[in-house]
Amino acid sequence: RAKGPAEVPYMKRLTGLLLVLFLCGFSCLAAASDELLPRPPALGPDVQFWIRVYTQISTDAGFIHDQHDLSVTYETLRFGADMPPAARQREVDAERRRFHDILLRLAGGAAPASPEERHVRALWADASPARLAAAADDVRFQLGQSDRFRAGLVRAGAWQSHIAEVLSQMGLPPELAVLPDVESSFNPAAYSKVGAAGLWQFLRSTGRRFLRIDAGVDERFDPFRETEAAAQLLAYNYRLLGTWPLAITAYNHGAAGMLRAREQLGTTDIVRIVHDYHSPSFGFASRNFYVSFLAALAVAQDPQKYFGALPRSEPIRFHEVRMPARAPAAALLRALNIDRRALEQLNPALRPAVWSGRRAIPAGYVLRLPAGESSWTSQLLAQRLTGAHEVKVALTAAAATNVLDSRADTAGTALQAAAAMASGPQFYLVQPQDTISSIADRTGVPLARLMTLNAIPGQDFLYEGERLRLVPQAPAPGVAATPLTA
């Protein structure tokens, strides 16, 4: 309604009061953030180094620098855009050797004889000969990341709202949302040379604590599921270690390693640990993980300062439905009548073995459908997959008997419920030394039948922890036994 004359001063006072409260609240939040995620002045040069890496030089360039004192940068090395990786590496190696030799000459007492030697001597103005000799062994190359970081800031829009929601629900600092900038530049398909995968770069061993990872499904490649796993891991690290700098460093180095560092030095001070903790496994990446996080946070909080105006990817919209039964991808696509590429893009956890037909989509998998497909439910999908209209009866029976599928975490489906309620062993859990043949001998199920029941194309397609079906899926009462074929 329109405001009367007496209301205008009141509204001005109220607006001013709200503004003061907002600013006070913001400053309190900032103070709380600084307390949880400290930015020690002693680590300032290291943070600035990583800000330069993230914003000043692209992957066509890099810094030749000292690996312990990041304020010492000898040279910015630039490559031709079409230079092969092997040629790049040769150039890096040659430059590292050159600065190594310069430092050794200066350590031996030689006077600087060239502008480059004078530059190096100036960088180490107060260094003793012994310090210069040590620095000769610490010459390192760091590839630039500005192009990747910028692309990551753009991509992040697709998942930022989900990440913020997960962190908020678990009571974690919202600043942790920038960790994928450090880990993968928000690339959900990222796969490192040591086997870390996805947006949050989980190793298989760590990922299996929180995610499904097998031949058909690898939830490390699902940004939504991997975000939830990362939040759980970070919360665990914090409960164990007591501070966020240690918990964040443990995300890279492992919680056990940070416990050893804390106990060895008798402190939780991240500055002391970064500078004074020595372990063969606590290398450059681990020492710099917290400072690189702080650098990524500084850039992500003010991207326009470094990159100008940036577009952001739109949040991904979708509808989720739990798979009511194990089904080949081809059968699912026929039932849904949805474009395969759209389904693949929304379900990156489903691996090539699923889309090629070597593995079925497991029961209980939470399938992501385009937002316009919101009419789909698990019951409707079960009807389409089996051709049965009475599937609701079996679903109710399964829920009533609390039949659980340990691999899929679902209360059962029309087909699973009927099979689980039958007498005799229904499944076999694959052990480390098992083969298809040994399982067939042990269970008495003929080899060919075992492979057919589980859509296994060959003896090499067997994975530890996989659950194999030993008997056919039985239809629910009154449901026609329509085979699920590709």
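The coordinates are above.
What counts, and at which threshold
Residues numbered from 1 in each chain as written. Predicted model: local features only at pLDDT ≥ 70, side-chain atom pairs only at ≥ 80, totals over all residues. Heavy atoms only, no water. Salt bridge = Lys/Arg side-chain N within 4 Å of Asp/Glu carboxyl O. Helix = DSSP H or I, 4+ residues; strand = E, 2+ residues; numbered from the N terminus. Buried < 20%, exposed > 50% of the residue type's maximum accessible area, 1.4 Å probe, protein only. Lys, Arg positive; Asp, Glu negative; His and termini not counted. Contact = heavy atoms within 4.5 Å. Phe/Tyr/Trp six-rings, centres within 6.5 Å; stacked < 30°, edge-to-face > 60°. Lys NZ or Arg CZ within 6 Å of the ring centre and 35° of its normal. Pairing = 2+ DSSP bridges. Axes fitted to C-alpha atoms, helices over the stretch in contact; angles between N-to-C directions.

**Q** Would you take a moment to explain the pattern of salt bridges for this structure?
**A** Side chains that differ in charge, positive against negative, can pair when their charged atoms come close. Applying the stated criterion to the full structure yields 14 salt bridges. Across the pair Arg 225 and Glu 228 runs a salt bridge whose closest N-O atoms are separated by 2.9 Å. Taken together, the residues span about one helical turn, with Arg 225 and Glu 228 both in helix 10 (residues 223–241) at a distance of 3 residues. With a shortest N-O distance of 3.4 Å, Arg 225 and Glu 320 are connected by a salt bridge. One end of the pair, Arg 225, is in helix 10; the other, Glu 320, is in strand 4 (residues 318–322), with 95 residues separating them in the sequence.

**Q** Any chance you could explain the side chain of Asp 46 here in plain terms?
**A** By secondary structure assignment, the location of Asp 46 is in helix 2 (residues 44–55). Here Asp 46 sits buried without a salt bridge, and the closest side chain of opposite charge, Arg 287, lies 7.6 Å off (N-O distance). Non-local contacts of Asp 46, meaning those with residues more than four positions away in its chain, are made with Leu 70, His 275 and Val 291.

**Q** How should I be thinking about the packing of aromatic side chains in this particular structure?
**A** The description of two aromatic rings rests on the distance between their centres and on the angle between their planes. For the structure shown, the criterion picks out 17 aromatic pairs. Residues Trp 50 and Phe 284 carry aromatic rings whose centres are separated by 6.1 Å and whose planes lie at 45° to one another, so their mutual orientation is tilted. Linking Trp 50 in helix 2 with Phe 284 in helix 14 (residues 284–287), this pair joins segments that are 234 residues apart in sequence. Take Trp 50 and Phe 284: they sit in the same class, and that class is buried. The structure contains a cluster of three or more aromatic residues connected by ring pairs, namely Phe 49, Trp 50, Tyr 54, Phe 63, Phe 149 and Phe 284. Sitting over the face of the ring of Phe 284, Arg 140 holds its NZ or CZ atom 3.5 Å from the ring centroid. Positioned over the ring face of Phe 221 is Arg 351, at 4.1 Å from the centre of the ring.

**Q** Help me understand the sheet that holds strand 3 (residues 139–143), please; the structure alone is not making it clear to me.
**A** Picture the strands of a sheet paired through backbone hydrogen bonds; they go either parallel or antiparallel. A sheet is described by the order of its strands in space; here 3 strands give the open sequence 2-1-3, paired in antiparallel fashion. A strand with exactly one partner marks an edge of an open sheet, and here the two such strands are strand 2 (73–78) and strand 3. Between one strand axis and the next, the sheet turns by 25° as a mean value, whatever way the strands run.

**Q** It is not clear to me how the environment of Gln 160 should be interpreted in this structure. Could you clarify?
**A** For Gln 160, the location among the structural elements is in helix 7 (residues 160–169). Considered as a pair, Gln 160 and Val 178 are 18 residues apart in the sequence and their alpha carbons are 9.4 Å apart.

**Q** Help me understand unusual backbone geometry, please; the structure alone is not making it clear to me.
**A** Peptide bonds are, in most cases, trans, and in most cases residues other than glycine have a negative phi. With phi around 55°, Ser 185 is a residue other than glycine that occupies positive phi space. The residue Ser 185 is located in the loop between helix 8 (179–183) and helix 9 (204–207) in this model. On the basis of relative accessibility, which here comes to 10%, the residue Ser 185 falls in the buried class. Even without being a glycine, Gln 201 presents a positive backbone phi close to 55°. Tracing the backbone shows Gln 201 in the loop between helix 8 and helix 9.

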